[in-house]
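# Architecture and fold: a report
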Amino acid sequence: MFRSMSGATVSSNTPTEQRWARVAAEPFETTGPAGSFWRGTWGSVKAVWQRRELVWLLSRREVRARYKDSSLGMVWSLARPLAQLVVYYFAIGKVLGVSRAIPSFAIFVFIGLMGWTLLTEVVQKGTSSILSNAGLVKKVRLPREVFPLSAGGSAMFMFLVQCVILVVAVIVFDEIPAWTGLGYAVVGIAVLMILSYALALLLAGLNVYFRDIEHLVEVVFVVLFWASPIVYSFRFVHEFVGGTWIEQAYLANPVTAAIMGMQRGLWAPGGTESDLVVWPDDLALRLGIALAGALALLWFAQRVFARLQANFAQEI
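In this text, all values refer to a predicted model and were calculated from it rather than measured experimentally. (Residues numbered from 1 in each chain as written. Predicted model: local features only at pLDDT ≥ 70, side-chain atom pairs only at ≥ 80, totals over all residues. Heavy atoms only, no water.)

### So, the overall build of the protein
Per the secondary structure count, the protein includes 16 helices and two strands. Counting only residues that meet the buried cut, the protein has 43% of its 316 residues in that class. When contacts within the protein are restricted to residue pairs at least 6 apart in sequence, long-range pairs at least 24 apart make up 79% of them. Taken as a whole, the protein presents about 17400 Å² of accessible surface, with 65% of it coming from carbon and sulfur. (Helix = DSSP H or I, 4+ residues; strand = E, 2+ residues; numbered from the N terminus. Buried < 20%, exposed > 50% of the residue type's maximum accessible area, 1.4 Å probe, protein only. Contact = heavy atoms within 4.5 Å. Areas by Shrake-Rupley, 256 points an atom, 1.4 Å probe, with all protein chains shown as cover.)

### Let's talk about the confidence of the model for the protein
Residues at a pLDDT of 70 or more form 84% of the protein, whose mean pLDDT is 81. Looking over the protein, one finds the lowest element-wise mean pLDDT in strand 1 (residues 2-3), namely 48, and the highest in helix 14 (residues 254-266), namely 94. Segment residues 28-34: pLDDT under 50, and nine contacts once partners within four positions in sequence are set aside and those in other chains are kept. (pLDDT = per-residue confidence, 0-100.)

### Quick notes on the pattern of salt bridges
For the structure on display, the rule yields two salt bridges. In this structure, Glu239 and Arg235 form a salt bridge, with 2.8 Å as the shortest nitrogen-oxygen distance. Pair noted here: Glu239 and Arg235 are both in helix 12 (residues 234-241), with a separation of four residues, about one helical turn. Here Arg235 falls in the buried class, since its relative accessible area comes to 8%. One salt bridge in this structure joins Arg286 and Asp282, with 3.1 Å as the shortest N-O distance. Classification of Arg286 by relative accessible area gives buried; the value is 16%. By relative accessible area, which is 30% here, Asp282 ends up partly exposed. (Salt bridge = Lys/Arg side-chain N within 4 Å of Asp/Glu carboxyl O.)

### Details of unusual backbone geometry
At Ser104, a residue that is not glycine, the phi angle is positive and equals roughly 50°. Here Ser104 shows up in the loop between helix 4 (76-95) and helix 5 (105-127). Its identity as a non-glycine residue notwithstanding, Asp174 has a phi of 55°, on the positive side. In this structure, Asp174 sits in the loop between helix 9 (153-172) and helix 10 (182-209). Given the relative accessible area of 63%, Asp174 is considered exposed.

### Topic: helix 12
Along helix 12, the residues that are buried comprise Phe234, Arg235, Val237 and Val241. Buried residues of helix 12 fall within an arc of 165° about the axis and therefore sit on the same side. Turned more than 90 degrees away from the buried face of helix 12, the exposed residues are Glu239 and Phe240. On its buried face, helix 12 is in contact with helix 13 (245-251) and helix 14. Of the residues trailing helix 12, Gly243 is marked for its positive phi of about 80°. (Arc of directions from axis to C-beta.)

### Side note on the packing of aromatic side chains
Summed over all chains, the structure comprises six aromatic pairs. Geometrically, the ring pair formed by Trp116 and Phe221 is edge-to-face, given 5.6 Å between the ring centres and 90° between the ring planes. With Trp116 in helix 5 and Phe221 in helix 11 (residues 213-224), this residue pair connects regions lying 105 residues apart in the sequence. One aromatic cluster in this structure is built from Trp116, Phe221, Phe225 and Trp226. When the ring centre of Phe236 is taken as reference, the NZ or CZ atom of Arg235 above it lies at 5.0 Å. (Phe/Tyr/Trp six-rings, centres within 6.5 Å; stacked < 30°, edge-to-face > 60°. Lys NZ or Arg CZ within 6 Å of the ring centre and 35° of its normal.)

### Let's talk about the packing of helix 5 against helix 9
The axes of two packed helices give the description: the angle between them and the distance between them. Running from N to C, helix 5 and helix 9 cross one another at 175°; their axes reach a closest spacing of 9 Å. Regarding the angle of helix 5 to helix 9, the classification is roughly antiparallel. On the side of helix 5, the interface is formed by Ile107, Phe110, Ile111, Met114, Thr117, Leu118, Glu121, Val122 and Lys125, while helix 9 contributes Ser154, Ala155, Met156, Met158, Phe159, Gln162, Cys163, Ile165, Leu166, Ala169 and Val170. When grouped by side-chain class, the residues that make up the contact of helix 5 with helix 9 number 15 nonpolar, three polar and two charged. (Axes fitted to C-alpha atoms, helices over the stretch in contact; angles between N-to-C directions. Parallel < 35°, antiparallel > 145°, perpendicular 65-115°, else oblique. Nonpolar A, V, L, I, M, F, W, Y, C, P; charged D, E, K, R; others polar.)

Here's what the structure looks like:
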């Protein structure tokens, strides 16, 4: 038995009518963003954590799809970073002669490429993650933050592969860095990971409404590549514009601080006193500020994403 809208009691004899009666008795539950922009982050974090297995499965799918139907499979994950290293080593280091001014130039470049690749792949894949998972977004009820998070799964896999290559290289070439500087590298990697996911989350939500964003991101990263000391050292910048507002603007880039933190901790000459090795006097402070800024941006990006996700299914 169930009660109709008019208040009359209606007999439910069929299974279909009984199911509809049970559905009608269920309370309404509000979905979508929280009522306030400032509240709801902790609830979103718990929701994503409860679906951490789904994040793992989606990340594994990204990695497998990357090398699907490939004869060499995961071997290609080694080929790309090695090819980048060879190209930059000979083009920038030998042809332009930069390697003469930077000791252990191959290791130096590889560390910078590791950080930059992590940032770009997480942001670019995360930006298009909602649109590329449109079927799940429309049909399955789950926290949409899992899509930008899992989109960086293949990027994290690549980063781990590059870390293995770096460890092998420093052992083979006897370029083992001092343990005292590893803290710089840890904070630098943390800044890049948090910053990349924050940007991926923010741009993923905006990209649903403004489809040109993912193309704009590719162009912007081409320009920003040269705004951080990846294939050149900070010493060149310091000698050219040292003590000016241009140098301070350059150092204000959190990616610059993060890359230099990785180089300071993982590059053997980074911890030595030399005219060829120059770091900002307040690098540790800048890394701390960059980490705090990345965390603040992550919170802001999640709140914006939460406000935008209510209409994802309609916009897609």
